[in-house]
Amino acid sequence: MKNIVLILLFTLLFLGCQKQQEEVIPVGVINLDTMSMIIADMHIVEAISNFRGMIDSPESSKIEEHYSAIFSTFKITPEKFRKSYDYYLEKPERMDSVYVLVLEQLSKTQAEIKNEDPI
């Protein structure tokens, strides 16, 4: 009986220590890299709009036009973006990964702009 208990404990310990399999992203959800590029582009649009004071003005409809252009560039629909965004919101560790990539992309873009504009 002791041997069975020991075998069960070692089996549980072994299974518990194994590397967890990476969760597969469901069909219809935008992959992590593409999602981060889309969100980075959306943040750029929002930053430009804030700078120009377009958020609460009649110009705010232009933000939606820019979002449509982003969706078109990535060949997705607003519905697919929303479904994907909701998926990542439900998985905080994945959303963190998305935003790590977003910050990398925005930092890279900022560095490129600084290198182009010698002020």
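In short, a report on the structure. For every chain, the first residue of the written sequence is number 1, and numbering continues from 1 along that sequence. Local features are withheld for residues below a pLDDT of 70 in this predicted model, meaning they are given only at 70 or higher, and side-chain atom pairs are given and counted only at 80 or more; totals for whole chains, interfaces and linings count all residues. Values shown for side chains rest on all heavy atoms present in the structure; no hydrogens or waters enter the calculation.

### Here we look at the packing of helix α2 (residues 32–52) against helix α5 (residues 92–116)
Rule in force here: Comment: axis = line fitted to C-alpha atoms, over the contacting stretch for helices; angle = value between 0 and 180 degrees taken between N-to-C directions. The secondary structure listing takes helices from DSSP runs of H or I that are at least 4 residues long and strands from runs of E that are at least 2 residues long, numbered from the N terminus. In these notes the angle categories are as follows: under 35 degrees is roughly parallel, over 145 is roughly antiparallel, 65 to 115 is roughly perpendicular, and the rest is oblique. In a left-handed crossing the near helix is turned counterclockwise from the far helix by less than a right angle, and in a right-handed crossing that turn is clockwise. Contacts are residue-level and defined by heavy atoms, with any inter-residue pair within 4.5 Å sufficient. In this classification, Asp, Glu, Lys and Arg are treated as charged, Ala, Val, Leu, Ile, Met, Phe, Trp, Tyr, Cys and Pro as nonpolar, and every other residue, Gly included, as polar.
One can describe the packing of α2 onto α5 by two numbers: an axis separation of 8 Å at closest approach and a directional angle of 55°. Judged on the interaxial angle alone, α5 and α2 are oblique. Crossing angle aside, the handedness with which α2 passes α5 is right-handed. Residues Leu32, Asp33, Met35, Ser36, Ile39, Ala40, His43 and Ile44 of α2 form the contact with α5, whose own contacting residues are Arg94, Ser97, Val98, Tyr99, Leu101, Val102, Gln105, Leu106 and Thr109. When its residues are assigned to classes, the contact of α2 with α5 shows 10 nonpolar, 5 polar and 2 charged.

### Some words on the packing of aromatic side chains
So the rule is basically this: Stacked, tilted and edge-to-face pairs are distinguished by plane angle, under 30 degrees for stacked and over 60 for edge-to-face with tilted covering the rest, among Phe, Tyr and Trp rings (Trp via its six-membered ring) whose centres lie within 6.5 Å. Partly exposed describes any residue whose relative accessible area lies between the buried limit of under 20% and the exposed limit of over 50%, with all areas from a 1.4 Å probe on protein chains only and scaled to the type maximum.
Under the counting rule described, the total for this entry stands at 3 aromatic pairs. Note on Tyr87 and Tyr88: the rings are 5.2 Å apart at their centroids and 75° apart in plane angle, and the pair reads as edge-to-face. Exposure remark for Tyr87: the relative accessible area of 9% places this residue in the buried category. The class for Tyr88 is buried, based on a relative accessible area of 0%. These aromatic residues form a ring-pair network of at least three members: Phe71, Phe81 and Tyr85.

### Concerning the pattern of salt bridges
As a reminder of what qualifies: When a carboxyl oxygen of Asp or Glu is within 4 Å of a side-chain nitrogen of Lys or Arg, the pair counts as a salt bridge.
The tally for this structure, following the rule as stated, stands at 1 salt bridge. The shortest N-O distance in the salt bridge between Asp86 and Arg82 comes to 3.3 Å. Of this pair, Asp86 and Arg82 both sit in helix α4 (residues 78–90), 4 residues apart, roughly one helical turn. Residue Asp86 is classed as partly exposed on the basis of its relative accessible area of 31%. Classification of Arg82 by relative accessible area gives partly exposed; the value is 43%.

Remember, this is a structural readout, not a statement about activity or role.
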